[in-house]
Amino acid sequence: VSPPHIHEDKMSSMLKMRNTRNASASHEWIKQNDDTNKYAKKELRQMSFLARSRTRFAVFLSTGVLLLIFLVSSSSSQGDTIFSVTSGQRGRGLRNILNYGSKPTAVETVEDSILQDQEIKHSIPQSQTKQEQKVCYSFPDGAAKSKKIEALSTSNDDIKITAIILTYKKHEALARLLPSLLFQELSNFEVIIVDNGCLPETKQVIEDAFAAHDSCSEKQIPHNYLQLCDNPGYAAGNNAGAKLASATSKYILFLNDDIVLSKPEFVQRMIQLAENKKSAAAVGCKLVNAEGNELIEAGSVVFKDGSAAGYGRGRKDANAPEFSYPKPVDYVSGACLLIEKQVFMGYRSGDDFGFDGKTFPNYYEDTDLQMHIQHDLKREIWLQPNSVARHDEHGSFGSE
């Protein structure tokens, strides 16, 4: 066994060697860490430089855009606005704006697909542009129709819908209906007005309504004015008007003179429903009272005992879900009835066609026609609740 002091010397030597190795390793780690810190600082400096460069570029770009807007505004405020429309030359306007020595040219619109390779140059004064924004008519729901120029007018070859209005000594009501019909979003319809009362005021209302429409649009709506001064009644009057419908017309829209169409897409929505539902031979609208706060009918129901009633009549919640989705119904009011012309002309009673005024001289001639559609033709009557008309009920009987 070695003496104790020999063990102490060996232990002391071992501890010195270990401390030396630890110190060397620690020095190496510190050196590497310093190199890493230097690299990180270099990366941070580069990132900071890139961030500052991007900020400068964004400021420069924003300044350039503002300058461009200022140049465009100052140029367009001088003189008239010049339009140069050429097919296949998109982007010319922007390039001309960037060329400060030239006057700005408007970027082409969808009209160039119609103009093909023709080049049209004309100037429109600023005052005329403002005038074109004049509101020509406001619908009951608040939608406004502004003045706009339409290049194409409807010809008889294009007519798809014939609107027939039967009136009897109600020129005030007719004056409310006509604008709501004439300013519909349609380009292929005609209007036939059958006058069973023949008051001078009625003729004047018709002339004024079409003149007001024509002053707001270059599109001329074909129309006929038929006077039946002996008042043959609802059925005979409408049947006489149907005889004047254009040969190309597919649908007839019967309207009482005491309703007002609430929206510019009123008729279009009825047509769309008739086109989409092949089983539908006729389509009606939702009727509310003249104030628009009470439901008259969302279609009508025929009960087992033969009695009938307007669905939802008297309800104040005309927009409730049960009144607001398209559906087949037993019948709709003749105050607003869209029907296929072929179906209407094909319903005959003896030598007459259309409404059966002999069997039903006062009421139910419209209901009788719709029963024929369902039970004889096996087709359907549909309600379009998105087309809403305000109805001064029983106002079509006039003052006498």
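Just so it is clear, the structure is predicted and the values come from calculations on it, not from any experiment.

Would you explain the packing of helix α5 (residues 171-182) against helix α6 (residues 200-216) in this entry?
Any two packed helices are characterised by the angle at which their axes cross and by the distance between the axes. Between α5 and α6, the shortest axis-to-axis distance is 9 Å and the interhelical angle comes to 25 degrees. Classed by the angle they form, the pair α5 and α6 counts as roughly parallel. Crossing handedness for the pair α5 and α6: right-handed. Contacts between α5 and α6 involve His171, Leu174, Ala175, Leu178 and Leu182 from the former and Glu201, Thr202, Val205, Ile206, Ala209, Phe210 and His213 from the latter. Among the residues making up the contact of α5 with α6, the classes are represented as eight nonpolar, three polar and one charged.

Help me understand helix α8 (residues 266-276), please; the structure alone is not making it clear to me.
Note that an α-helix has 3.6 residues per turn; residues three or four places apart therefore point the same way. Regarding α8, the residues found buried are Phe266, Val267, Met270, Ile271, Leu273 and Ala274. Axial view of α8: buried residues confined to an arc of 160 degrees, hence all on one face.

Sorry if this is basic, but what is going on with unusual backbone geometry here?
The phi torsion of most residues other than glycine is negative, and most of the peptide bonds are trans. Although it is not a glycine, Lys169 sits at a positive phi angle of roughly 55 degrees. Tracing the backbone through its elements, the reader meets Lys169 in the loop between β5 (161-167) and α5. Its identity is not glycine, yet Lys378 carries a phi of approximately 60 degrees, on the positive side. Here Lys378 lies in the loop between α10 (365-376) and β18 (380-391).

Before we go on, may I ask you to explain the state of the cysteines in this structure?
Working definition: the covalent bond between the sulfur atoms of two cysteines is a disulfide. In the structure shown here, the tally under the stated rule is two disulfides. Here Cys136 connects covalently by a disulfide to Cys216, the sulfurs 1.8 Å from one another. When the S-S torsion is -100 degrees, as for the bridge of Cys136 with Cys216, the disulfide is left-handed. Highlighted residues: Cys136 in strand β3 (residues 135-138) and Cys216 in helix α6, separated in sequence by 80 residues. Take the cysteines of the protein that form disulfides and number them in order along the sequence; they join up as 1-3, 2-4. Considering cysteine sulfurs only, Cys285 is the nearest to Cys336, which forms no disulfide, with 3.4 Å between them. Its relative accessible area of 1% is what places Cys336 among the buried residues.

Would you explain the confidence of the model for the protein in this entry?
In regions of low pLDDT, the predicted coordinates are not meant to be interpreted in detail. In this model, the protein carries an average pLDDT of 78, and 67% of its residues clear a pLDDT of 70 or more. Confidence over residues 76-132 falls short of pLDDT 50; this stretch has 68 contacts with residues more than four positions distant or in other chains. Low pLDDT, under 50, characterises residues 149-154; the stretch is placed with 16 contacts to residues that sit more than four places away or in other chains.

I'm lost on a nonpolar patch on the surface in this one. Help?
A surface patch of nonpolar side chains, amounting to about 660 Å² of accessible area, comprises Phe57, Phe60, Leu61, Val65, Leu66 and Ile69. Structurally, the position occupied by Phe57 is in helix α1 (residues 4-76). The exposed category is assigned to Phe57, whose relative accessible area is 55%.

Honestly, the packing of aromatic side chains in this entry has me stumped. Any pointers?
Tallied over the entire structure, the rule returns eight aromatic pairs. Ring pairing ties together the aromatic residues Tyr234, Phe254, Phe344, Phe353 and Phe355, which thus form one cluster. Across the ring face of Tyr325, the terminal group of Lys327 is positioned such that the distance to the ring centre comes to 4.9 Å.

Explain the nonpolar core here, please?
Residues Leu181, Val191 and Leu261 are the most contacted members of the largest nonpolar core, which totals 38 residues. Among the elements that make up this core, the one with the highest residue count is α8 (six residues). Leave out the neighbours within four places in its chain, and Val191 touches Ala163, Ile165, Leu181, Leu182, Phe210, Ile221, Pro222, His223 and Asn224. Grouped together as the second largest cluster of nonpolar side chains are 31 residues, Ile192, Ala242, Phe254 and Ile373 included.

What am I meant to see in the side chain of Asp366 here?
Its place among the elements puts Asp366 in helix α10. For the buried Asp366, no salt bridge is present, and the opposite-charge side chain at shortest range is Arg313, 12 Å distant. At a separation of 2.8 Å, a polar atom in the side chain of Asp366 contacts the main-chain amide nitrogen of Gly334. The contacts of Asp366, once residues within four sequence positions are left out, are Val332, Ser333, Gly334 and Phe355.

Just to check I follow, could you spell out helix α7 (residues 234-242) for this structure?
Taking burial as the measure, the nine residues of α7 include seven buried ones, the bulk of the element. Taken together, the buried positions of α7 are occupied by Tyr234, Ala235, Gly237, Asn238, Asn239, Gly241 and Ala242.

Can you help me understand empty space enclosed by the protein in this one?
Counted by the stated rule, this structure contains one cavity of 30 Å³ or more. The computed volume of the largest cavity comes to approximately 40 Å³. Considering the residues around the largest cavity, the lining is formed by Tyr347, Arg348, Ser349, Asp352, Phe353, Gly354, Phe355 and Asp356. Listed by contribution, the elements that provide at least two residues to the lining of the largest cavity are β16 (348-349) and β17 (352-353). For the lining of the largest cavity, the residue count by class is three nonpolar, two polar and three charged.

Any chance you could explain the side chain of Thr167 here in plain terms?
Tracing the backbone through its elements, the reader meets Thr167 in strand β5. One polar contact links Thr167 to Asp257, side chain to side chain, over a distance of 2.8 Å. Among all residues touching Thr167, those that are not within four sequence positions of it are Leu174, Ile193, Val194, Asp195, Asn196, Gly197, Thr202 and Asp257.

For this particular structure, what's the right way to read the pairing of strand β10 (residues 280-289)?
It is a general feature of regular strands that their side chains alternate between the two faces of the sheet. Along β10, ten of the ten residues are buried, which leaves the element largely enclosed by surrounding structure. Judged from the nine bridges that link them, β10 and β18 form a sheet pairing that is parallel. What sits directly across from Ala282, in β18, is Ile381. Pairing of β10 with strand β15 (residues 336-340), which is carried by three bridges, proceeds in the antiparallel orientation. Note that in β15 the partner of Gly284 across the bridge is Leu337. By the bridge criterion, two bridges tie β10 to strand β11 (residues 295-297) in an arrangement that is antiparallel. For Val288, the partnering residue across the bridge sits in β11 and is Leu295.

Rules used in this analysis
Residues numbered from 1 in each chain as written. Predicted model: local features only at pLDDT ≥ 70, side-chain atom pairs only at ≥ 80, totals over all residues. Heavy atoms only, no water. Axes fitted to C-alpha atoms, helices over the stretch in contact; angles between N-to-C directions. Helix = DSSP H or I, 4+ residues; strand = E, 2+ residues; numbered from the N terminus. Parallel < 35°, antiparallel > 145°, perpendicular 65-115°, else oblique. Left-handed = near helix turned anticlockwise from the far one by under 90°. Contact = heavy atoms within 4.5 Å. Nonpolar A, V, L, I, M, F, W, Y, C, P; charged D, E, K, R; others polar. Buried < 20%, exposed > 50% of the residue type's maximum accessible area, 1.4 Å probe, protein only. Arc of directions from axis to C-beta. Disulfide = S-S within 2.5 Å. pLDDT = per-residue confidence, 0-100. Patch = residues over 30% accessible without salt bridge, like charges linked within 9 Å, V, L, I, M, F, W, Y side chains within 5 Å. Areas by Shrake-Rupley, 256 points an atom, 1.4 Å probe, with all protein chains shown as cover. Salt bridge = Lys/Arg side-chain N within 4 Å of Asp/Glu carboxyl O. Phe/Tyr/Trp six-rings, centres within 6.5 Å; stacked < 30°, edge-to-face > 60°. Lys NZ or Arg CZ within 6 Å of the ring centre and 35° of its normal. Core = buried A, V, L, I, M, F, W, Y, C linked by side-chain atoms within 4.5 Å. Lys, Arg positive; Asp, Glu negative; His and termini not counted. Polar contact = N/O pair within 3.5 Å; in protein donor to acceptor, adjacent residues only side chain to side chain. 1 Å grid on protein atoms, 1.4 Å probe; cavity = no way out; pocket = protein on both sides within 12 Å on 5 of 7 lines; lining within 4 Å. Points joined across faces, edges and corners; volume = space filled by probe spheres on them. Pairing = 2+ DSSP bridges.

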